[in-house]
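Architecture and fold: a report
Spelled out from the first residue to the last, the chains are:
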Amino acid sequence: MAGHSSLRDLKKRQRSIDTAFQLSGAMKTVSAAKFSRCSIKRNDFGAYSSACGELLRRFGSEISNFLPCKNPDAPACFVIFSSNRGLCGSFNNDLFAFSDQVLAENPDALVISCQKMASFHLKESHRDIFREILLPDVPDASGDAFAELCSVLRDGYLNGDFSSVTLIYQKYVNMLTQTPVSEPLLPLPAPVEEATSEEEGSVCDSQTSDIRDNELPPVCFPDKDSVLSSAADLCFRSALFTVVLSAATGAQAATLMAMRAAYDNAEQTGREISIEISRMRQSAITSGVIETSSDMHSDQ
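Residues numbered from 1 in each chain as written. Predicted model: local features only at pLDDT ≥ 70, side-chain atom pairs only at ≥ 80, totals over all residues. Heavy atoms only, no water.

With 15 residues, helix α5 (residues 144-158) extends 21 Å from end C-alpha to end C-alpha; this agrees with the ideal 21 Å at 1.5 Å per step. Taken together, the buried positions of α5 are Ala-145, Phe-146, Leu-149, Cys-150, Val-152, Leu-153, Gly-156 and Tyr-157. Looking straight down α5, one finds its buried side chains confined to an arc of 165°; they lie on one side. The positive-phi residue at the C-terminal boundary of α5 is Gly-160, with phi of around 85°. (Helix = DSSP H or I, 4+ residues; strand = E, 2+ residues; numbered from the N terminus. Expected span 1.5 Å × (residues − 1). Buried < 20%, exposed > 50% of the residue type's maximum accessible area, 1.4 Å probe, protein only. Arc of directions from axis to C-beta.)

Okay, structure coming up:
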């Protein structure tokens, strides 16, 4: 009876493993498709993002002046980007450990959550959520959710609800690596001239000055202020969407790797259980043959 009971338990476990195998396989396929879409968008958007960065480098504070801080005494605003689901390894745990540390240093800050898991964590931590905006797994620059996020951040900053905007997310490095970071969004960063030494810096400054002196002044239609105002909005949206894409790509990469590991483990475990079931069946058959043979000898 003990053998039959163990066999039943193994069959029941095999059915559970088969279900886990199918689910992890399906989720692996879905996350692979989403990761591919996010990666394509991220690569395609790179050129546009670089162009906006060049605008900031070229015009500097002239663009930043069109997104001014109206209330320096207002609290800071932090925006957290997580994943919309669990089952992505340590992706969310690492992010929340980092964000908790940042928010602990800014207890009066306003917090905006952009994914379901971030909202769940903040509520569990009894942290007030200023606004909850759920972005899709594959973000869209023309989508309603991203437009709402842009509007909330820009209007809140210009109306003086908060004095700065900082983005907290897992920065995508590669399939295996995502790094939790906090990056300022508003006020728009001023251009920084980099130099490895004082001498290099002086050479770089003189070369940059010569280039700018030789550049023709830009022609702006209908006027320079209108162009720079539009450029400020484009640079703001570009910087924000770059972070949104990086966070989304990292979340799907982490999910893909976790589901791939779960799929492989389920496959290996299922194979081992099948072998064990076959051994138990063969053992039962062998025992039956031995018992039959013993009975025949006893009758003789």
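Before going further, it helps to spend a moment on unusual backbone geometry. The omega torsion of the bond from Leu-186 to Pro-187 falls at 0°, within 30 degrees of zero and hence cis. Looking at the element boundaries, Pro-187 is found in the loop between β5 (177-186) and α6 (198-214). Positive phi, close to 60°, is recorded for His-126, a residue that is not glycine. On the secondary structure map, His-126 appears in the loop between α4 (116-124) and β3 (131-132). A relative accessible area of 73% means that His-126 is categorised as exposed.

Looking now at a positive patch on the surface. On the surface, Arg-8, Lys-11, Lys-12, Arg-15 and Arg-281 cluster together into a positively charged patch. Structurally, Arg-15 can be placed in helix α1 (residues 2-59). Among the residues examined, Arg-15 registers a relative accessible area of 52% and is labelled exposed. (Patch = residues over 30% accessible without salt bridge, like charges linked within 9 Å, V, L, I, M, F, W, Y side chains within 5 Å. Areas by Shrake-Rupley, 256 points an atom, 1.4 Å probe, with all protein chains shown as cover. Salt bridge = Lys/Arg side-chain N within 4 Å of Asp/Glu carboxyl O. Lys, Arg positive; Asp, Glu negative; His and termini not counted. Charge placed at Lys NZ, Arg CZ, Asp CG, Glu CD.)

Moving on: the packing of helix α3 (residues 91-104) against α4. Look at α3 against α4: their axes get within 11 Å of each other, and the N-to-C directions meet at 50°. Looking at the two axes, α3 sits oblique to α4. Seen along the crossing, α3 lies across α4 with a hand that is right-handed. Listed contacts from α4 to Asn-92, Phe-96, Asp-100 and Leu-103 of α3 are Met-117, Ala-118, His-121 and Leu-122. Class assignment for the residues of the contact of α3 with α4 results in five nonpolar, two polar and one charged. (Axes fitted to C-alpha atoms, helices over the stretch in contact; angles between N-to-C directions. Parallel < 35°, antiparallel > 145°, perpendicular 65-115°, else oblique. Left-handed = near helix turned anticlockwise from the far one by under 90°. Contact = heavy atoms within 4.5 Å. Nonpolar A, V, L, I, M, F, W, Y, C, P; charged D, E, K, R; others polar.)

The subject of this paragraph is α3. Between its first and last C-alpha atoms α3 spans 20 Å; for 14 residues at 1.5 Å apiece the expected length is 20 Å, and the two agree. Looking at α3, one finds that the buried residues are Phe-91, Asn-92, Leu-95, Phe-96, Ser-99, Val-102 and Leu-103. Mapping the buried residues of α3 onto a view down its axis gives an arc of 125°, with all of them on the same face. Projecting away from the buried face of α3 at angles above 90 degrees are the exposed residues Asn-93, Gln-101 and Ala-104.

This part covers the pairing of strand β1 (residues 77-80). Taking every second residue as pointing to the same face, both faces of β1 are buried, with Cys-77 and Val-79 on one and Phe-78 and Ile-80 on the other. As paired elements, β1 and strand β2 (residues 110-113) share four bridges and run parallel to each other. Each residue of the ladder has a partner; that of Ile-80, found in β2, is Ser-113. Crossover connection from β1 via α3 to parallel β2: handedness right-handed. Bridging between β1 and strand β4 (residues 165-174) involves four bridges; their strand directions are parallel. Bridged to Val-79 within β4 is Leu-167. (Pairing = 2+ DSSP bridges. Right-handed = clockwise from strand over helix to strand, strands pointing away.)

On to the sheet that holds β3. The mixed open sheet is built from five strands, whose spatial order is β3-β2-β1-β4-β5. Of all the strands in the sheet, just β3 and β5 have a single pairing partner and so form its edges.

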